[in-house]
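Residue strings, one per chain:
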Amino acid sequence: MTPPLSATDFFAAKLRFETDPADLAADRAAGASPLVIDVRSTEAWSQGHIPGALHIPGPELAMRAGELGADRGRALVVYCWGPGCNGSTRAALTLATLGFAAVRELIGGFEYWAREGFLVESSAGRDRRSPDPLTAPARP
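Since the structure is predicted, the reported quantities are computational estimates derived from the model, not experimental observations.

**Considering the pattern of salt bridges**
Applying the stated criterion across every chain, the model contains seven salt bridges. For R40, the salt bridge identified is with D38, shortest N-O distance 2.7 Å. Exposure remark for R40: the relative accessible area of 2% places this residue in the buried category. Judged by its relative accessible area of 0%, D38 falls in the buried class. With a shortest N-O distance of 3.2 Å, E121 and R126 are connected by a salt bridge.

**Description of the sheet that holds strand 3 (residues 54–55)**
Here we have five strands laid out as an open sheet, ordered 1-5-4-2-3, and parallel in their pairing. Each having just a single partner strand, strand 1 (18–19) and strand 3 make up the two edges of the open sheet. Relative to strand 5 (residues 103–106), strand 1 runs parallel, the two sharing two bridges. Residue pairing for strand 5: T19 is matched across the bridge by L106. On the sheet, helix 2 (residues 21–29) packs against strand 1, strand 2 (35–38), strand 4 (76–79) and strand 5 and is oriented at approximately 125° with respect to strand 5.

**Section: a nonpolar patch on the surface**
Together, L5, F10 and F11 line one region of the surface with nonpolar side chains, adding up to about 330 Å² of accessible area. Assignment of secondary structure puts L5 in the segment before helix 1 (7–17). By relative accessible area, which is 59% here, L5 ends up exposed.

**Structural notes on the pairing of strand 2**
Across a regular strand the side chains alternate sides, sitting on one face of the sheet and then on the other. Burial along strand 2 is two-sided: the face carrying L35 and I37 and the face carrying V36 and D38 are both buried. Of the pairings in the sheet, the one linking strand 2 to strand 4 comprises four bridges and is parallel in character. By the bridge assignment, V36 is partnered in strand 4 with V77. By the bridge criterion, two bridges tie strand 2 to strand 3 in an arrangement that is parallel. Directly across from I37, in strand 3, lies its bridge partner L54. Between the parallel pair strand 2 and strand 3, the chain is carried across by helix 3 (residues 42–47), and the sense of this crossover is right-handed.

**Some points on helix 2**
Among the residues making up helix 2, those that are buried are P21, L24 and A25. Relative to the axis of helix 2, the buried residues are bounded by an arc of 100° and lie together on one face. Where helix 2 is buried, its residues meet strand 1, strand 2, strand 4, strand 5 and helix 6 (109–115). At the N-terminal boundary of helix 2, the capping side chain belongs to D20, with an oxygen 3.3 Å from the backbone nitrogen of A22. Residue G31 follows helix 2 closely and has a positive phi angle near 85°.

Conventions adopted
- Residues numbered from 1 in each chain as written.
- Predicted model: local features only at pLDDT ≥ 70, side-chain atom pairs only at ≥ 80, totals over all residues.
- Heavy atoms only, no water.
- Salt bridge = Lys/Arg side-chain N within 4 Å of Asp/Glu carboxyl O.
- Buried < 20%, exposed > 50% of the residue type's maximum accessible area, 1.4 Å probe, protein only.
- Pairing = 2+ DSSP bridges.
- Helix = DSSP H or I, 4+ residues; strand = E, 2+ residues; numbered from the N terminus.
- Contact = heavy atoms within 4.5 Å.
- Axes fitted to C-alpha atoms, helices over the stretch in contact; angles between N-to-C directions.
- Patch = residues over 30% accessible without salt bridge, like charges linked within 9 Å, V, L, I, M, F, W, Y side chains within 5 Å.
- Areas by Shrake-Rupley, 256 points an atom, 1.4 Å probe, with all protein chains shown as cover.
- Right-handed = clockwise from strand over helix to strand, strands pointing away.
- Arc of directions from axis to C-beta.
- Polar contact = N/O pair within 3.5 Å; in protein donor to acceptor, adjacent residues only side chain to side chain.

What follows is the structure, encoded as structure tokens:
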């Protein structure tokens, strides 16, 4: 019989497989940037995405996984629209099934990346919104 999962084990595992916008931005600023993958539709990508992200719509991910390189231990972060979208969860599962061991999901997705005031890129260029006070403190 498998012993029950403790709260400590659960939350440690959760942190191993998730990241949030502030932590991703800090990792990128420190030069420890994982490959960020946007799994939304082409229309959503055009409206705005995380600068430097690779766009592979979720339904194409398994077929296009070769674009991620041969290193199955490479750090990857996948995102979709926001907390109401499970596209990033599906993408993370797809990548894990394909043998990518260091895949994490961006909790809050693109919505919280933008709402926290991080740089966004779209077909119109780059922009940064003021942080939404409900999601992040204002930055100077």
